[in-house]
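# Observations on the model geometry
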Amino acid sequence: MTLQLFDTYERKVRTFEPLKSGEVGIYACGPTVYNFAHIGNLRTYLFEDLLKRVLIGNGYRVNHVVNITDVGHLTSDADTGEDKMELGSKRTGMTAWELATFYTEAFQKDLERLNVRSPDIWCKATDHIQEQIDFVSDLESKGFTYCTSDGVYFDSRKLNNYGYLARLDIDGLQAGARVNQGERRFVTDFALWKFSPEDEQRQMEWDSPWGKGFPGWHIECSAMSAKYLGDFFDIHCGGEDHIPIHHTNEIAQTEASRGSRLANFWMHGYFLQMDNAKMAKSSGEFLTLDVLIERGFTPFDYRYFCFTAHYRSQMSFSWKSLEAAQTALSRLYEAFASWGQAGDASEEYLARFHEFLNDDLNMPRALAVIWELVRSDEPDEVKKATLLVCDEVLGLDLADWEPEEVIVPDEVLRLAEDREGARQAKDWAKADALRDEISSLGFAVEDTREGPVVTKS
RNA sequence: GGACGGGUAGCCAAGUGGUUAGGCAUCGGUUUGCAAAACCGCGUACACGGGUUCGAGUCCCGUCCCGUCCUCCA
């Protein structure tokens, strides 16, 4: 089966064909590094990792580019708002540059722990100021820009299909519904270059032909993707929130400058919902991977959790559903570990597994195939070999899993030995009393064929 | 308010016209001195009201609710 992917631009699933034979260029929008990534952010990167692994599984060489937005953009009011990096700098006492480095590293560490394959290229907005200035200059020479007192703006009405990606109903947009329009001429116009405020020293600012300032948010992606992947590349990814503004504007810039719609496929990961509410990084209230780990979950538990829903569906987060994923995954690990040596993989199960993944990355269905295999009558060595192949896409590191080492205090060990003695003597009352005592110390004793085993309870 | 996208059994979640998706939990069973763990078995649910059709969770209309965007956001 050929690879089918949903393209937001066409609003349909269509057959993926690379622009260059055997090679796929992917650009994925990365984070603004003013705070830790929350688990909702991370869901999108897990989707992109799945996409990449499926492409590789289909035999493509993937060139994967992720940007780091390390220059601030406005937080609120278009004219006077502080930007997120400056704000983060005040909050933490770090300079904006230190802040960027700190949160970039934290983000990369999260991805590594989630077993997300590292991109081929990480690119920072601040390392590509000249490319962005050149891009804006080109737009200016083609007549798509105008200046106001606070910046250089893109004149969106010069494009006749502005907003096609999001199917924007331009007339229905409420200008100023949520933000002051400033001197923008039209509701969908956006900043390409912003001037530094006269009365304030910014930490991050650069000279430009239009005056000292900093680049607009959208221009970095058009400029950097063009540099690393060309003017028209295979797949551009990001979160669903990027469809109406960020990606719409990226397309507008690139169409105006290069005449292409930037990417052949536009793919979007959908939000993780928290109690039916959006998990917002800007609100400061959010769950991080570290919090999950503190609560006894592993990054793989979260990885598996995300796989239980399709990337194009919003997903509800709850501790209960994360626990369900944890239980399922540990059963998968234990089953895998119990199977001994791997033999030959089942072509039939592999085919079905890959067929679902090639159907717009339907991981929930692919996982159903995994469970069908696990609970089938196939010989253990076949199950093991098959899952080993599937794990190249799953990325759960099934072969590396080991039961958690439990450090049992001597006192508990002694109690367990006493209990075993009582059991041998068939003194059940004493054995049960000792088990209760062990339990009160936070441990559980399980009687297996190989004798009693003490675990954390 | 508008555009776009959703509402599936206790929970998470696949599925777009007609044959049980799957996982977790509950319950029953195997096992165990009893447990635990593990394994096996077990669920006809599709927001609500109309309509189309031989047949609808799946298509159409209306209503209610949720999300995305119209500030920065994965």
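What comes next concerns the included structure.

Definitions and limits used
- Residues numbered from 1 in each chain as written.
- Chains lettered and ligands numbered in written order.
- Predicted model: local features only at pLDDT ≥ 70, side-chain atom pairs only at ≥ 80, totals over all residues.
- Heavy atoms only, no water.
- 1 Å grid on protein atoms, 1.4 Å probe; cavity = no way out; pocket = protein on both sides within 12 Å on 5 of 7 lines; lining within 4 Å.
- Points joined across faces, edges and corners; volume = space filled by probe spheres on them.
- Helix = DSSP H or I, 4+ residues; strand = E, 2+ residues; numbered from the N terminus.
- Nonpolar A, V, L, I, M, F, W, Y, C, P; charged D, E, K, R; others polar.
- Domains from an automatic or database assignment.
- Salt bridge = Lys/Arg side-chain N within 4 Å of Asp/Glu carboxyl O.
- Buried < 20%, exposed > 50% of the residue type's maximum accessible area, 1.4 Å probe, protein only.
- Pairing = 2+ DSSP bridges.
- Near = heavy atom within 4 Å.
- Polar contact = N/O pair within 3.5 Å; in protein donor to acceptor, adjacent residues only side chain to side chain.

On to empty space enclosed by the protein. Enumeration according to the criterion identifies 3 cavities of 30 Å³ or more in this entry. Of the volumes computed, that of the largest cavity is approximately 110 Å³. As for the largest cavity, its lining consists of 14 residues, of which R43, F47, C306, A309 and Y311 are closest to the centre. At the level of elements, α1 (39–57) and α8 (299–307) are the ones that each hand at least two residues to the lining of the largest cavity. Ranked by residue count, the leading element in the lining of the largest cavity is α1, at 5 residues. Here the lining of the largest cavity is built from residues that sort into 10 nonpolar, 3 polar and 1 charged. When residues of the lining of the largest cavity are assigned to domains, at least three map to each of domain 1 (4–269) and domain 2 (277–400).

What follows is about the pattern of salt bridges. Opposite charge on two side chains lets them pair, provided their charged atoms get close. Applying the stated criterion to the full structure yields 19 salt bridges. For the salt bridge of D155 with K158, the shortest nitrogen-to-oxygen distance reads 3.3 Å. D155 gets classed as buried once you look at its relative accessible area, which sits at 8%.

Below, the discussion takes up the pairing of strand β8 (residues 190–195). Judged by how many residues are buried, β8 sits mostly within the fold: 6 of 6 residues are covered. Sheet topology places strand β7 (residues 151–154) next to β8; 4 bridges connect them, and they run antiparallel. When the sheet's bridge partners are listed, F154 is paired in β8 with F190. Two strands pair when backbone bridges link them, and β8 and strand β9 (residues 213–215) are joined in this way by 3 bridges, in the antiparallel orientation. Along β9, the bridge assignment pairs F195 with G213.

As a volume, the second largest pocket reaches approximately 830 Å³. Around the second largest pocket sit 21 residues that line it, and E334, W401, E402, P403 and E404 are the ones nearest its centre. Of all the elements in the fold, those that place two or more residues in the lining of the second largest pocket are α8, α9 (319–337) and β16 (451–456). Element by element, the count of residues in the lining of the second largest pocket is highest for α9, at 5 residues. Its residues assigned to classes, the lining of the second largest pocket comprises 8 nonpolar, 5 polar and 8 charged. Lining the lining of the second largest pocket are residues from two domains, each supplying at least three of them: domain 2 (277–400) and domain 3 (410–456).

By nearness alone, 62 residues border RNA strand B, and K84, W217, G239, H242 and Q314 come closest of all. Considering RNA strand B, the proportion of its atoms within 4 Å of the protein that are sugar or phosphate atoms stands at 67%. The side chain of N362 places a nitrogen or oxygen atom 3.3 Å from a phosphate oxygen of RNA strand B. Tallying contributions element by element places α9 first for the surface near RNA strand B, with 6 residues. A class-by-class count of the residues in the surface near RNA strand B yields 19 nonpolar, 24 polar and 19 charged.

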